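# A look at the structure
Here are the chains, one letter per residue:
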Amino acid sequence: MMLGKYFVALTFKNDSTLYRKIDGLKKSFDPKYTSRSFPHMSMLAPFLMNTRDEENLKETLKEEIGTYFYGFDGAMKLGFNGIDIYSHKRKHILYLNPAEDATVDHCIDLTRSICESFIPRGTGYKQNKKQFLPLGEFHHSNTLSKVLPDLKEQFSSLSQLRVDSIVLLKKNQGKWQVFDELINFEDNFDKRLQIETLSL
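As a starting point, this report considers the structure included with it.

What counts, and where the lines are drawn
Residues numbered from 1 in each chain as written. Predicted model: local features only at pLDDT ≥ 70, side-chain atom pairs only at ≥ 80, totals over all residues. Heavy atoms only, no water. Salt bridge = Lys/Arg side-chain N within 4 Å of Asp/Glu carboxyl O. Helix = DSSP H or I, 4+ residues; strand = E, 2+ residues; numbered from the N terminus. 1 Å grid on protein atoms, 1.4 Å probe; cavity = no way out; pocket = protein on both sides within 12 Å on 5 of 7 lines; lining within 4 Å. Points joined across faces, edges and corners; volume = space filled by probe spheres on them. Nonpolar A, V, L, I, M, F, W, Y, C, P; charged D, E, K, R; others polar. Patch = residues over 30% accessible without salt bridge, like charges linked within 9 Å, V, L, I, M, F, W, Y side chains within 5 Å. Areas by Shrake-Rupley, 256 points an atom, 1.4 Å probe, with all protein chains shown as cover. Buried < 20%, exposed > 50% of the residue type's maximum accessible area, 1.4 Å probe, protein only. Pairing = 2+ DSSP bridges. Core = buried A, V, L, I, M, F, W, Y, C linked by side-chain atoms within 4.5 Å. Contact = heavy atoms within 4.5 Å.

Moving on to the pattern of salt bridges. Taken as a whole and judged by the stated rule, the model has 7 salt bridges. Here Asp164 makes a salt bridge to Lys13, at a shortest N to O gap of 3.8 Å. With Asp164 in strand S7 (residues 158–172) and Lys13 in the loop between strand S1 (3–12) and helix H1 (17–29), the pair connects residues that are 151 residues apart, well separated along the chain. A salt bridge links Lys170 to Glu54, with the nearest nitrogen and oxygen atoms 2.6 Å apart. You can see Lys170 sitting in strand S7 and its partner Glu54 sitting in helix H2 (residues 54–68), a full 116 residues away along the chain. The network of salt bridges with common partners includes Glu55, Lys58, Lys62 and Asp180.

The next point concerns empty space enclosed by the protein. For the structure on display, the rule yields 1 cavity of 30 Å³ or more. The calculated volume of the largest cavity comes to roughly 30 Å³. Contributing to the lining of the largest cavity are Leu18, Phe80, Asn81, Gly82, Leu96, Phe155, Ser157 and Ser159. The biggest single contributor to the lining of the largest cavity is strand S4 (residues 77–88), with 3 residues. Partitioned by chemical class, the residues of the lining of the largest cavity number 4 nonpolar, 4 polar and no charged.

Reported here for the largest pocket is a volume of approximately 1200 Å³. When grouped by side-chain class, the residues that make up the lining of the largest pocket number 15 nonpolar, 11 polar and 12 charged.

With that settled, the discussion passes to a nonpolar patch on the surface. Taken together, the side chains of Met1, Leu3 and Leu48 make up a nonpolar region of the molecular surface, amounting to roughly 300 Å² of accessible area. Inspection of the secondary structure assignment puts Leu3 in strand S1. According to the relative accessible area criterion, Leu3 is partly exposed, its value standing at 36%.

Bringing the pairing of strand S5 (residues 91–98) into the picture now. Burial runs high along S5: 6 of the 8 residues are buried. With 7 bridges joining them, S4 and S5 adopt antiparallel strand pairing. Following the sheet pairing, Ser87 is matched in S5 by His92. As consecutive antiparallel partners, S4 and S5 are separated by 2 residues, and within that stretch Lys89 has a phi angle of approximately 55°, a positive value.

Judged by nonpolar contacts, the single largest core of 44 residues is most densely connected at Val8, Leu10, Phe12, Leu57, Leu96 and Ile166. With 5 residues, the top contributor of residues to this core is helix H3 (residues 102–116). Each residue touching Val8, except ones within four places of it in the same chain, is listed here: Met41, Ser42, Met43, Leu44, Leu61, Thr111, Cys115, Ile166, Val167, Leu168 and Leu182. Core analysis: the second largest hydrophobic core is formed by 5 residues, Ala9, Val167, Leu169 and Trp176 among them.

Topologically, Gln131 is positioned in the loop between H3 and strand S6 (133–138). Look past the residues within four positions of Gln131 in its chain and what remains in contact with it is Met41, Ser42, Met43, Leu44, Pro98, Ile108 and Arg112.

Structure representation (structure tokens):
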């Protein structure tokens, strides 16, 4: 059995000041910027799966997510409220904290349930306690403490990003790469506008 490593994430439109600010922070503070440069928010922890099940997972996710957002009206947005820190061993991850959103939360639950059903028994999968948008990693707390007050002020107010798509990523030669786009909200919005125009 050959196992691959995957996760599903929300990606965001790059047309806002907030997006550019996040991208700049990641460029400065994310040591893995070149391998996962685009701002994204994971919908579940990375998981191992048999590579022969890839097509089945893709089709299942596309069908279920497409059904979940069928008839969805308008732009998909996600709000963020301030920054926080997740510390694990000697690594400190600075992240943007998502505001509660029932639509996104239910989609995350649906996606996680589908993906977990493909995980082989005995792989030792552990769920994330929460999902967030990572901004950077710090291995020295004194470096983080120097920049933290200014960053907290910059991200103190509630801000929103437009969701561009939901993608399935796969780790390939140590780098995360987009394996497939499961849904594109801009495409859905454009198609709905075309249908409305034709009906007129």
